[in-house]
Amino acid sequence: MKKLFFAVMAVVIVAGTVFAGAGSDNKGGGSGGTFVGIAMPETHVLRWIKDGASLKKFAEAKGFRAQDQYANADQNLQNTQIQNFLTQGAKAIIIGCVNDGVAAAVADAARDKVTVIAYDRIIPNSADYDYYITFNNFKVGQFQGQGIERGLDLKSASAAAPKYITLFAGSPTDGNAFFFFDGAMSVLNPYIESGALIVVGPYPKTSKDTANFQRIATENWQAPVAKTRMENLLNGDAKDVTLDAVLAPNDTLARAIIEACKADAKYASKLPIVTGQDAEAASTASIKNGEQYMTVFKDTTKLAEAAIALAEAAVKGATPNIPGAVLASSIGLESIGDTGRKIVRAYLLDPVIIYRENWKDPVNAGFYTQEEIDQNNLK
Ligand code: BGC
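All of the points below concern the structure found in this document. (Residues numbered from 1 in each chain as written. Predicted model: local features only at pLDDT ≥ 70, side-chain atom pairs only at ≥ 80, totals over all residues. Heavy atoms only, no water.)

1. Let's talk about helix H8 (residues 223–235)
This is how the line gets drawn: Comment: elements are numbered from the N terminus, with helices defined as DSSP H or I runs of at least four residues and strands as E runs of at least two. Multiplying 1.5 Å by the residue count of a helix minus one yields the expected span of that helix. Whether a residue is buried, partly exposed or exposed follows from its accessible area with a 1.4 Å probe, protein chains only, as a fraction of its type maximum: under 20%, in between, or over 50%, in that order. Working definition: the arc comes from the directions between the helix axis and the C-beta atoms, pointing outward to the latter. In what follows, residue pairs with any heavy atoms lying within 4.5 Å of each other are defined as contacts.
Helix length check: H8, at 13 residues, gives a terminal C-alpha distance of 19 Å against a target of 18 Å (1.5 Å per residue), a fit within 8%. Looking at H8, one finds that the buried residues are Ala223, Ala226, Arg229, Met230, Leu233 and Leu234. What you see down the axis of H8 is that its buried residues fit within an arc of 135 degrees, all on one side. Facing away from the buried surface of H8 by more than 90 degrees, the exposed residues are Pro224, Asn232 and Asn235. Those residues of H8 that are buried lie in contact with strand E6 (163–167), helix H7 (210–216), strand E8 (245–247) and helix H9 (251–262).

2. Notes on the packing of aromatic side chains
Note the following rule: Aromatic rings from Phe, Tyr and Trp, with only the six-membered ring used for Trp, were paired whenever their centres fell within 6.5 Å, and each pair was classed as stacked if the ring planes differed by under 30 degrees, edge-to-face if by over 60, and tilted otherwise. A ring has a charge above it when a Lys NZ or an Arg CZ is no more than 6 Å from the ring centre and no more than 35 degrees off the ring normal.
For the structure shown, the criterion picks out seven aromatic pairs. Ring centres of Phe180 and Trp221 lie 6.2 Å apart, and the angle between their planes is 65 degrees; this geometry places the pair in the edge-to-face category. Here Phe180 is found in helix H6 (residues 175–194), whereas its partner Trp221 is found in the loop between H7 and H8, with 41 residues between them in sequence. Taken individually, Phe180 and Trp221 each receive the classification buried, so the pair is uniform in this respect. Here the aromatic residues Phe178, Phe181 and Phe213 are joined through ring pairs into a cluster of three or more. The ring of Tyr355 carries Arg150 above its face, with NZ or CZ at 3.5 Å from the centroid. The ring of Phe168 has Arg229 sitting right over it, with the charged end atom 4.4 Å from the ring centre.

Structure follows, in C-alpha coordinates:
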(Lines give C-alpha, C1' and ligand atoms only; values in the text may rest on other atoms or scores of the structure.)
Protein backbone atom coordinates (compact mmCIF):
# COMPACT_ATOMS: atom_id res chain seq x y z
CA MET A 1 0.00 0.00 0.00
CA LYS A 2 2.80 2.33 1.06
CA LYS A 3 4.66 1.50 -2.18
CA LEU A 4 1.59 2.35 -4.22
CA PHE A 5 1.23 5.66 -2.36
CA PHE A 6 4.82 6.63 -3.18
CA ALA A 7 4.42 5.54 -6.81
CA VAL A 8 1.30 7.69 -7.15
CA MET A 9 3.02 10.63 -5.45
CA ALA A 10 6.01 10.31 -7.80
CA VAL A 11 3.69 10.46 -10.82
CA VAL A 12 1.91 13.48 -9.36
CA ILE A 13 5.21 15.29 -8.72
CA VAL A 14 6.63 14.49 -12.16
CA ALA A 15 3.37 15.51 -13.86
CA GLY A 16 3.36 18.75 -11.90
CA THR A 17 6.92 19.53 -12.99
CA VAL A 18 6.24 18.74 -16.65
CA PHE A 19 3.07 20.81 -16.61
CA ALA A 20 4.88 23.78 -15.13
CA GLY A 21 7.67 23.60 -17.72
CA ALA A 22 11.45 23.30 -17.37
CA GLY A 23 12.98 24.92 -14.33
CA SER A 24 9.73 26.53 -13.32
CA ASP A 25 8.36 27.42 -9.99
CA ASN A 26 4.61 26.99 -10.12
CA LYS A 27 3.96 28.21 -6.59
CA GLY A 28 3.19 31.67 -7.98
CA GLY A 29 0.25 30.43 -10.02
CA GLY A 30 -2.37 30.95 -7.28
CA SER A 31 -5.29 33.33 -7.49
CA GLY A 32 -5.53 37.05 -6.71
CA GLY A 33 -3.19 39.91 -7.63
CA THR A 34 -1.80 41.02 -10.96
CA PHE A 35 0.31 38.32 -12.61
CA VAL A 36 3.93 39.04 -13.56
CA GLY A 37 5.88 36.54 -15.66
CA ILE A 38 9.65 36.29 -15.25
CA ALA A 39 11.51 34.73 -18.20
CA MET A 40 15.22 34.15 -17.52
CA PRO A 41 17.59 32.90 -20.26
CA GLU A 42 19.72 30.19 -18.67
CA THR A 43 21.02 28.65 -15.46
CA HIS A 44 24.56 27.66 -16.53
CA VAL A 45 25.62 31.20 -15.59
CA LEU A 46 24.60 31.28 -11.95
CA ARG A 47 23.50 34.89 -11.71
CA TRP A 48 20.23 34.16 -13.54
CA ILE A 49 19.02 31.78 -10.83
CA LYS A 50 19.52 34.57 -8.33
CA ASP A 51 17.98 37.17 -10.67
CA GLY A 52 14.85 35.04 -11.16
CA ALA A 53 14.45 34.43 -7.42
CA SER A 54 14.99 38.12 -6.57
CA LEU A 55 12.52 39.30 -9.21
CA LYS A 56 9.90 36.90 -7.85
CA LYS A 57 10.56 37.99 -4.27
CA PHE A 58 10.27 41.71 -5.07
CA ALA A 59 7.17 41.15 -7.22
CA GLU A 60 5.44 39.25 -4.44
CA ALA A 61 6.44 41.90 -1.90
CA LYS A 62 4.44 44.37 -4.04
CA GLY A 63 1.40 42.07 -3.97
CA PHE A 64 1.84 40.66 -7.50
CA ARG A 65 1.54 37.01 -8.32
CA ALA A 66 4.75 35.93 -10.02
CA GLN A 67 6.30 32.94 -11.70
CA ASP A 68 9.93 32.46 -12.77
CA GLN A 69 10.99 30.31 -15.72
CA TYR A 70 14.46 29.48 -17.09
CA ALA A 71 15.01 28.74 -20.77
CA ASN A 72 18.26 26.75 -20.76
CA ALA A 73 19.64 29.02 -23.54
CA ASP A 74 16.90 27.61 -25.79
CA GLN A 75 14.99 30.35 -27.60
CA ASN A 76 12.04 28.13 -28.59
CA LEU A 77 11.62 27.12 -24.98
CA GLN A 78 11.75 30.75 -23.88
CA ASN A 79 9.06 31.72 -26.40
CA THR A 80 6.85 28.87 -25.14
CA GLN A 81 7.36 30.06 -21.57
CA ILE A 82 6.35 33.61 -22.56
CA GLN A 83 3.28 32.29 -24.42
CA ASN A 84 2.32 30.42 -21.23
CA PHE A 85 2.55 33.65 -19.26
CA LEU A 86 0.22 35.31 -21.79
CA THR A 87 -2.25 32.42 -21.54
CA GLN A 88 -2.22 32.85 -17.78
CA GLY A 89 -3.19 36.51 -18.19
CA ALA A 90 0.13 38.17 -17.30
CA LYS A 91 0.00 41.98 -17.17
CA ALA A 92 3.79 42.36 -17.27
CA ILE A 93 6.60 40.10 -18.44
CA ILE A 94 10.21 40.64 -17.50
CA ILE A 95 12.54 39.05 -20.02
CA GLY A 96 16.26 38.31 -19.89
CA CYS A 97 16.28 37.13 -23.49
CA VAL A 98 18.12 34.20 -25.05
CA ASN A 99 18.41 35.99 -28.41
CA ASP A 100 16.48 38.09 -30.91
CA GLY A 101 14.12 35.20 -31.70
CA VAL A 102 12.16 36.26 -28.62
CA ALA A 103 10.86 39.28 -30.58
CA ALA A 104 8.01 37.11 -31.95
CA ALA A 105 6.72 36.41 -28.43
CA VAL A 106 7.15 40.08 -27.53
CA ALA A 107 4.96 41.00 -30.53
CA ASP A 108 2.24 38.69 -29.15
CA ALA A 109 2.56 40.37 -25.74
CA ALA A 110 2.16 43.80 -27.35
CA ARG A 111 -0.97 42.60 -29.16
CA ASP A 112 -2.38 41.58 -25.75
CA LYS A 113 -1.33 45.00 -24.31
CA VAL A 114 1.05 43.34 -21.89
CA THR A 115 4.00 45.40 -20.64
CA VAL A 116 7.35 43.87 -21.57
CA ILE A 117 10.52 44.89 -19.79
CA ALA A 118 13.84 43.85 -21.29
CA TYR A 119 15.91 42.79 -18.30
CA ASP A 120 19.72 43.10 -18.38
CA ARG A 121 19.85 42.16 -22.11
CA ILE A 122 18.20 44.22 -24.82
CA ILE A 123 15.58 42.40 -26.93
CA PRO A 124 16.92 43.15 -30.41
CA ASN A 125 14.92 43.65 -33.61
CA SER A 126 11.70 44.55 -31.85
CA ALA A 127 9.65 47.74 -31.81
CA ASP A 128 7.05 46.14 -29.52
CA TYR A 129 8.19 47.24 -26.08
CA ASP A 130 9.23 50.45 -24.33
CA TYR A 131 11.46 49.68 -21.35
CA TYR A 132 14.88 48.23 -20.72
CA ILE A 133 16.73 48.05 -17.42
CA THR A 134 20.36 47.04 -17.18
CA PHE A 135 23.78 48.16 -16.00
CA ASN A 136 26.06 50.59 -17.76
CA ASN A 137 27.48 47.81 -19.91
CA PHE A 138 30.02 49.99 -21.68
CA LYS A 139 31.43 50.86 -18.26
CA VAL A 140 31.57 47.15 -17.34
CA GLY A 141 33.87 46.68 -20.34
CA GLN A 142 35.90 49.79 -19.49
CA PHE A 143 36.48 48.31 -16.03
CA GLN A 144 37.78 45.11 -17.63
CA GLY A 145 40.13 47.16 -19.82
CA GLN A 146 41.25 49.19 -16.81
CA GLY A 147 41.88 45.94 -14.89
CA ILE A 148 44.31 44.86 -17.61
CA GLU A 149 45.86 48.34 -17.77
CA ARG A 150 46.51 48.19 -14.04
CA GLY A 151 47.52 44.52 -13.84
CA LEU A 152 50.10 44.92 -16.62
CA ASP A 153 51.09 48.45 -15.63
CA LEU A 154 50.48 49.45 -19.24
CA LYS A 155 50.99 53.12 -18.48
CA SER A 156 54.72 52.38 -18.09
CA ALA A 157 54.93 49.72 -20.83
CA SER A 158 56.46 50.37 -24.25
CA ALA A 159 56.99 48.68 -27.60
CA ALA A 160 60.54 47.88 -26.47
CA ALA A 161 59.19 45.42 -23.87
CA PRO A 162 55.65 44.62 -25.02
CA LYS A 163 53.01 42.65 -23.13
CA TYR A 164 50.97 39.88 -24.73
CA ILE A 165 47.21 39.52 -24.52
CA THR A 166 44.55 37.31 -26.04
CA LEU A 167 40.92 38.38 -26.42
CA PHE A 168 37.64 36.62 -25.63
CA ALA A 169 34.13 38.00 -26.03
CA GLY A 170 30.70 36.86 -24.85
CA SER A 171 27.89 35.45 -26.95
CA PRO A 172 27.31 37.12 -30.32
CA THR A 173 23.57 36.54 -29.70
CA ASP A 174 23.68 38.87 -26.66
CA GLY A 175 23.75 42.63 -27.29
CA ASN A 176 25.63 43.14 -24.02
CA ALA A 177 28.65 41.26 -25.37
CA PHE A 178 29.31 44.07 -27.87
CA PHE A 179 29.19 46.80 -25.22
CA PHE A 180 31.46 44.86 -22.87
CA PHE A 181 33.99 44.33 -25.64
CA ASP A 182 33.88 47.88 -26.98
CA GLY A 183 34.23 49.29 -23.47
CA ALA A 184 37.32 47.16 -22.84
CA MET A 185 38.87 47.96 -26.21
CA SER A 186 38.33 51.68 -25.68
CA VAL A 187 40.95 51.36 -22.94
CA LEU A 188 43.23 48.80 -24.65
CA ASN A 189 43.36 50.01 -28.28
CA PRO A 190 45.77 52.92 -27.63
CA TYR A 191 48.29 50.50 -26.07
CA ILE A 192 47.88 48.09 -28.99
CA GLU A 193 48.40 50.93 -31.44
CA SER A 194 51.58 52.08 -29.66
CA GLY A 195 52.97 48.52 -29.72
CA ALA A 196 53.10 48.25 -25.90
CA LEU A 197 50.41 45.55 -26.04
CA ILE A 198 50.41 42.79 -28.64
CA VAL A 199 47.29 40.76 -29.40
CA VAL A 200 47.86 37.05 -29.87
CA GLY A 201 45.12 35.53 -32.05
CA PRO A 202 42.29 37.45 -33.74
CA TYR A 203 42.13 41.21 -33.10
CA PRO A 204 38.79 42.89 -33.72
CA LYS A 205 39.48 46.51 -32.90
CA THR A 206 35.78 46.91 -32.16
CA SER A 207 32.76 44.62 -32.21
CA LYS A 208 31.88 46.07 -35.64
CA ASP A 209 34.65 43.93 -37.14
CA THR A 210 32.11 41.11 -37.32
CA ALA A 211 34.38 38.47 -38.84
CA ASN A 212 37.05 38.77 -36.15
CA PHE A 213 34.51 39.32 -33.39
CA GLN A 214 32.89 35.98 -34.30
CA ARG A 215 36.32 34.32 -33.94
CA ILE A 216 36.72 35.48 -30.35
CA ALA A 217 33.05 35.19 -29.34
CA THR A 218 31.72 32.44 -27.08
CA GLU A 219 28.37 31.08 -28.27
CA ASN A 220 25.77 31.23 -25.49
CA TRP A 221 28.46 32.06 -22.93
CA GLN A 222 29.33 28.35 -22.63
CA ALA A 223 32.37 27.70 -20.44
CA PRO A 224 33.46 24.52 -22.31
CA VAL A 225 33.58 26.54 -25.55
CA ALA A 226 35.92 29.11 -23.96
CA LYS A 227 38.06 26.40 -22.35
CA THR A 228 38.56 24.58 -25.65
CA ARG A 229 39.37 27.82 -27.45
CA MET A 230 41.94 28.69 -24.78
CA GLU A 231 43.52 25.21 -25.02
CA ASN A 232 43.74 25.59 -28.79
CA LEU A 233 45.34 29.03 -28.43
CA LEU A 234 47.90 27.73 -25.95
CA ASN A 235 48.87 25.00 -28.40
CA GLY A 236 48.61 27.24 -31.46
CA ASP A 237 48.90 31.04 -31.76
CA ALA A 238 50.22 31.45 -28.19
CA LYS A 239 52.67 28.52 -28.30
CA ASP A 240 55.79 30.64 -28.62
CA VAL A 241 54.90 33.49 -26.29
CA THR A 242 53.96 33.84 -22.65
CA LEU A 243 50.59 35.51 -22.31
CA ASP A 244 50.49 38.34 -19.79
CA ALA A 245 46.72 38.83 -19.90
CA VAL A 246 43.46 37.40 -21.15
CA LEU A 247 40.40 39.59 -21.67
CA ALA A 248 37.59 37.36 -20.36
CA PRO A 249 34.06 38.80 -20.50
CA ASN A 250 32.57 37.13 -17.42
CA ASP A 251 33.47 35.00 -14.42
CA THR A 252 32.14 31.69 -15.75
CA LEU A 253 34.40 32.01 -18.79
CA ALA A 254 37.30 33.46 -16.76
CA ARG A 255 37.44 30.34 -14.58
CA ALA A 256 37.30 28.07 -17.64
CA ILE A 257 40.20 30.02 -19.18
CA ILE A 258 42.18 29.84 -15.92
CA GLU A 259 41.62 26.08 -15.82
CA ALA A 260 43.07 25.75 -19.32
CA CYS A 261 46.10 27.88 -18.33
CA LYS A 262 46.70 25.86 -15.18
CA ALA A 263 47.04 22.71 -17.27
CA ASP A 264 49.92 24.34 -19.18
CA ALA A 265 53.32 24.09 -17.42
CA LYS A 266 54.25 27.56 -18.70
CA TYR A 267 51.65 29.12 -16.40
CA ALA A 268 52.21 26.84 -13.40
CA SER A 269 53.81 29.55 -11.26
CA LYS A 270 52.29 32.69 -12.80
CA LEU A 271 48.87 32.96 -14.38
CA PRO A 272 48.07 35.71 -16.87
CA ILE A 273 45.95 38.64 -15.65
CA VAL A 274 42.40 37.37 -16.26
CA THR A 275 39.37 39.67 -16.10
CA GLY A 276 35.78 38.78 -15.32
CA GLN A 277 32.32 40.04 -14.46
CA ASP A 278 29.42 39.12 -12.15
CA ALA A 279 31.34 38.74 -8.87
CA GLU A 280 30.32 35.08 -8.70
CA ALA A 281 31.26 33.58 -5.34
CA ALA A 282 33.76 31.16 -6.97
CA SER A 283 35.50 34.02 -8.79
CA THR A 284 35.53 36.25 -5.73
CA ALA A 285 37.24 33.36 -3.90
CA SER A 286 39.67 33.05 -6.81
CA ILE A 287 40.45 36.79 -6.65
CA LYS A 288 40.95 36.55 -2.88
CA ASN A 289 43.43 33.71 -3.56
CA GLY A 290 45.30 35.72 -6.20
CA GLU A 291 44.24 33.71 -9.28
CA GLN A 292 41.57 35.63 -11.21
CA TYR A 293 42.69 39.27 -11.26
CA MET A 294 39.44 41.23 -11.17
CA THR A 295 35.71 41.09 -11.64
CA VAL A 296 32.85 43.55 -12.02
CA PHE A 297 30.19 43.52 -9.34
CA LYS A 298 26.74 44.23 -10.69
CA ASP A 299 24.32 44.22 -7.80
CA THR A 300 21.58 42.22 -9.48
CA THR A 301 19.45 42.29 -6.33
CA LYS A 302 19.15 46.05 -6.90
CA LEU A 303 18.53 45.46 -10.62
CA ALA A 304 15.66 43.08 -9.81
CA GLU A 305 14.16 45.53 -7.32
CA ALA A 306 14.37 48.35 -9.87
CA ALA A 307 12.84 46.16 -12.61
CA ILE A 308 9.81 45.42 -10.42
CA ALA A 309 9.43 49.14 -9.59
CA LEU A 310 9.51 49.79 -13.34
CA ALA A 311 6.95 47.05 -14.04
CA GLU A 312 4.66 48.42 -11.34
CA ALA A 313 4.79 51.95 -12.76
CA ALA A 314 4.28 50.72 -16.33
CA VAL A 315 1.29 48.53 -15.42
CA LYS A 316 -0.30 51.46 -13.57
CA GLY A 317 0.49 53.83 -16.42
CA ALA A 318 2.56 55.97 -14.03
CA THR A 319 5.87 57.68 -14.80
CA PRO A 320 8.65 55.41 -13.56
CA ASN A 321 11.00 56.83 -10.97
CA ILE A 322 13.74 54.31 -10.48
CA PRO A 323 16.05 55.12 -7.57
CA GLY A 324 19.74 54.51 -8.30
CA ALA A 325 19.23 54.33 -12.08
CA VAL A 326 19.97 56.91 -14.77
CA LEU A 327 18.41 57.11 -18.21
CA ALA A 328 20.94 56.06 -20.84
CA SER A 329 19.92 59.03 -23.00
CA SER A 330 20.87 61.43 -20.17
CA ILE A 331 24.52 60.29 -20.29
CA GLY A 332 24.91 60.02 -24.06
CA LEU A 333 24.53 56.22 -24.15
CA GLU A 334 21.18 55.98 -25.99
CA SER A 335 22.73 53.28 -28.20
CA ILE A 336 22.34 50.94 -25.19
CA GLY A 337 18.57 51.21 -25.73
CA ASP A 338 18.71 50.77 -29.51
CA THR A 339 16.86 47.59 -30.52
CA GLY A 340 17.65 48.14 -34.18
CA ARG A 341 13.96 49.00 -34.70
CA LYS A 342 13.52 51.71 -32.07
CA ILE A 343 15.22 53.34 -29.10
CA VAL A 344 13.59 52.17 -25.87
CA ARG A 345 13.87 53.93 -22.50
CA ALA A 346 16.95 52.33 -20.99
CA TYR A 347 17.62 52.68 -17.26
CA LEU A 348 21.19 52.03 -16.18
CA LEU A 349 22.59 50.98 -12.81
CA ASP A 350 26.22 51.45 -11.91
CA PRO A 351 28.71 48.55 -11.75
CA VAL A 352 31.60 48.36 -9.25
CA ILE A 353 35.14 47.19 -10.02
CA ILE A 354 36.52 44.45 -7.73
CA TYR A 355 40.19 43.67 -7.12
CA ARG A 356 41.86 41.61 -4.42
CA GLU A 357 41.84 44.59 -2.00
CA ASN A 358 38.08 45.05 -2.11
CA TRP A 359 36.90 41.45 -2.72
CA LYS A 360 34.62 41.87 0.29
CA ASP A 361 32.46 44.61 -1.30
CA PRO A 362 29.75 42.19 -2.53
CA VAL A 363 29.64 40.58 0.94
CA ASN A 364 29.30 44.00 2.55
CA ALA A 365 26.51 44.84 0.10
CA GLY A 366 24.67 41.68 1.26
CA PHE A 367 25.01 40.14 -2.22
CA TYR A 368 26.19 36.90 -0.65
CA THR A 369 27.71 35.76 2.60
CA GLN A 370 31.31 35.26 3.65
CA GLU A 371 30.44 31.54 4.07
CA GLU A 372 29.63 31.27 0.35
CA ILE A 373 33.13 32.56 -0.44
CA ASP A 374 34.70 30.24 2.13
CA GLN A 375 32.88 27.22 0.69
CA ASN A 376 34.33 28.06 -2.73
CA ASN A 377 37.78 28.39 -1.20
CA LEU A 378 37.59 24.76 -0.10
CA LYS A 379 36.86 23.51 -3.63
C1 BGC B 1 25.05 39.41 -18.54
C2 BGC B 1 26.23 38.92 -17.75
C3 BGC B 1 26.33 37.40 -17.84
C4 BGC B 1 26.23 36.94 -19.29
C5 BGC B 1 26.14 35.42 -19.39
C6 BGC B 1 25.11 38.90 -19.95
O7 BGC B 1 24.03 39.34 -20.70
O8 BGC B 1 25.00 40.82 -18.52
O9 BGC B 1 26.09 39.32 -16.40
O10 BGC B 1 27.55 36.97 -17.31
O11 BGC B 1 25.08 37.49 -19.90
O12 BGC B 1 24.97 34.94 -18.80
